[in-house]
Amino acid sequence: MAVNISSTISPFLLQQKPVSSYFPALQQQVYGQPLIYFDNAATTQKPKSVIDAIVRYYSTINSNVHRGVHYLSQQATEASEETRRRVARFIHARHAHEIIFTRGTTESINLVAYAYGKYALKPGDNVVISAMEHHSNIVPWQIACEDRGASLRVIPMNDRGELLIDELDHLLDERTRILAITWISNSLGTLNPIEEIIQKAHQFDIPVLIDAAQAAPHMPIDVQTIDCDFLVFSGHKMYGPTGIGILYGKEKWLEQMPPYQGGGEMIKSVRFEKTEYNDLPFKFEAGTPHIEGTVCLQAAIDFLESLPLHKAFAYEQQLLEYATQQMSQIPGLRIIGQAQHKASILSFIIENTHPYDVGVLLDKMGIAVRTGHHCTQPVMDFFGIPGTVRVSLAVYNTPSEIDRLVTCLDKAVSMLK
Ligand code: PMP
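Residues numbered from 1 in each chain as written. Predicted model: local features only at pLDDT ≥ 70, side-chain atom pairs only at ≥ 80, totals over all residues. Heavy atoms only, no water.

Engineer: Please give an account of the side chain of His218 that cites residues and values.
Structural biologist: Residue placement: His218 occurs in the loop between strand S8 (208–211) and helix H7 (223–226). In terms of polar contacts, His218 uses its side chain to reach the side chain of Ser344, at 3.5 Å. Non-local contacts of His218, meaning those with residues more than four positions away in its chain, are made with Leu309, Phe313, Glu316, Ser344 and Leu393. (Helix = DSSP H or I, 4+ residues; strand = E, 2+ residues; numbered from the N terminus. Polar contact = N/O pair within 3.5 Å; in protein donor to acceptor, adjacent residues only side chain to side chain. Contact = heavy atoms within 4.5 Å.)

Given below as structure tokens:
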């Protein structure tokens with residue numbers, strides 16, 4: 001099927017200038033070639049507005065939050081709390097205090113696995129995840145299950161990389177305490193039908209955690225419409241700073257969960273006999289937070305909203321379709337992950353070549369891709385492969401970059417054969 005996409009496409013409100021011109025890191029050359037960056041699922045490049053916000057933060061309001069009476073501390077506190085309100089609006093949370101700042105998706109999931117696990121998991125209970133989870137949505141649940149005497153159940157998938165949702169009818173029962181699942185698979189690109197999954201879980205009153213690490217940079221999110229109980233994502237994958245992540249949780253769960261870490265900020269009063277914990281959201285934010293990252297996440301949200309996200313999603317879908325079509329022409333190339341609904345990620349292997357060798361050769365031609373298991377070893381085991389080459393797309397990628405990738409892949413393959 002022909003895809004109607006031209007190399008001059010510019011679907012953004014930013015208009016006129018190519019989107020990549022807003023990203024200083026994309027202006028450079030590597031090994032004498034213009035950089036083409038296809039490792040966006042690992043982390044995105046940052047627009048100048050985010051970089052400027054970081055410089056501005058340290059040049060003006062840098063100060064510790066919540067503790068100071070002085071001007072700078074009040075400014076930093078206000079800017080951090082404004083981010084909380086912005087994030088709440090960005091994902092349509094009911095309350096700003098349902099937004100907890102963490103270090104990233106990994107810490108958000110660990111927080112829920114620990115604190116919700118301590119609150120809800122008893123011996124004989126079970127936790128349901130899926131066959132395509134990132135290690136960070138597997139291992140924290142394994143630890144929680146081991147600690148609490150619970151067991152882990154896994155929703156299987158087919159060889160196209162689609163979850164067998166009907167299996168939920170057997171997997172969910174009255175001892176299931178939580179279902180934790182990714183929205184978009186970071187190694188297959190599968191876009192899971194999370195609304196259907198959430199509805200099924202809610203029939204048993206089972207709360208659902210959505211790993212939105214790969215969704216937040218690509219599509220609008222409305223936590224009230226999808227009705228998830230927890231949703232987690234990372235700033236650095238959505239054009240923002242590293243070290244800042246989000247945990248959204250429904251108030252009713254967060255209120256009942258015990259704290260994750262102890263220390264300053266998460267308390268109301270401390271006596272040697274007894275400590276009284278702080279209210280939401282601070283109960284889960286012990287110690288000095290990543291203030292710069294928190295404040296500057298606003299600039300990333302501004303960028304995403306300026307696209308706006310639904311247009312970015314449509315553009316990236318076209319780009320993915322184009323890439324799939326072009327790369328399928330390469331002899332011996334097999335796409336890993338051929339779900340009907342996919343987003344932004346194209347994983348593949350090439351007959352008689354190792355993904356690592358392909359990645360190294362592409363790098364020398366100025367193209368950044370990721371190779372390996374992508375922190376999804378069970379997915380690689382399922383397909384019986386050591387790893388894949390992964391091309392992950394962002395809003396600044398273009399069809400002409402895909403064309404160059406195909407040319408370079410052809411070259412790499414002929415060098416390796
Ligand atoms: N879940 C998914 C689906 C991911 O793609 C990633 C990052 N590759 C993570 C979780 C972990 O994110 P972070 O390293 O930012 O904590």
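Engineer: Before we move on, could you go through the domain arrangement of the protein chain and cite the residues and values that matter?
Structural biologist: Each domain of the protein chain was delimited in the assignment, giving domain 1 (6–46 + 308–416) and domain 2 (51–306). Spacing between the C-alpha centres of domain 1 and domain 2 amounts to 28 Å. In this assembly, 42 residues from domain 1 lie in contact with 37 residues from domain 2. Among the residues of domain 1 in contact with domain 2, Lys46, Leu309 and Cys375 are the three that bury the most area, contributing 19% of the side total. For the interface between domain 1 and domain 2, the tally reads 0 salt bridges. The interface formed by domain 1 and domain 2 holds 25 residue pairs in polar contact (both at pLDDT 80 or more) in total. Elements with a contribution of two residues or more to the side of domain 1 that touches domain 2: helix H10 (309–327), strand S14 (345–350) and helix H12 (377–383). Sort the elements by how many residues they give to the side of domain 1 that touches domain 2 and H12 lands first, with 6 residues. For the side of domain 1 that touches domain 2, the residue count by class is 24 nonpolar, 14 polar and 4 charged. (Domains from an automatic or database assignment. Buried area = accessible area lost by both parts, 1.4 Å probe. Salt bridge = Lys/Arg side-chain N within 4 Å of Asp/Glu carboxyl O. Nonpolar A, V, L, I, M, F, W, Y, C, P; charged D, E, K, R; others polar.)

Engineer: Can you lay out the site of the ligand for me, pointing to particular residues and giving the numbers?
Structural biologist: Neighbouring the ligand are the residues Thr105, Thr106, His134, Ser136, Thr182, Asn186, Asp211, Ala213, Gln214, Ser234, His236 and Lys237. Between His134 and the ligand, the recorded distance is 3.3 Å, taken from a side-chain N or O atom to a nitrogen atom. In isolation the ligand has 400 Å² of accessible area, and contact with the protein removes 86% of it. Looking at the shell around the ligand residue by residue, the classes come out as 1 nonpolar, 9 polar and 2 charged. (Near = heavy atom within 4 Å. Areas by Shrake-Rupley, 256 points an atom, 1.4 Å probe, with all protein chains shown as cover.)

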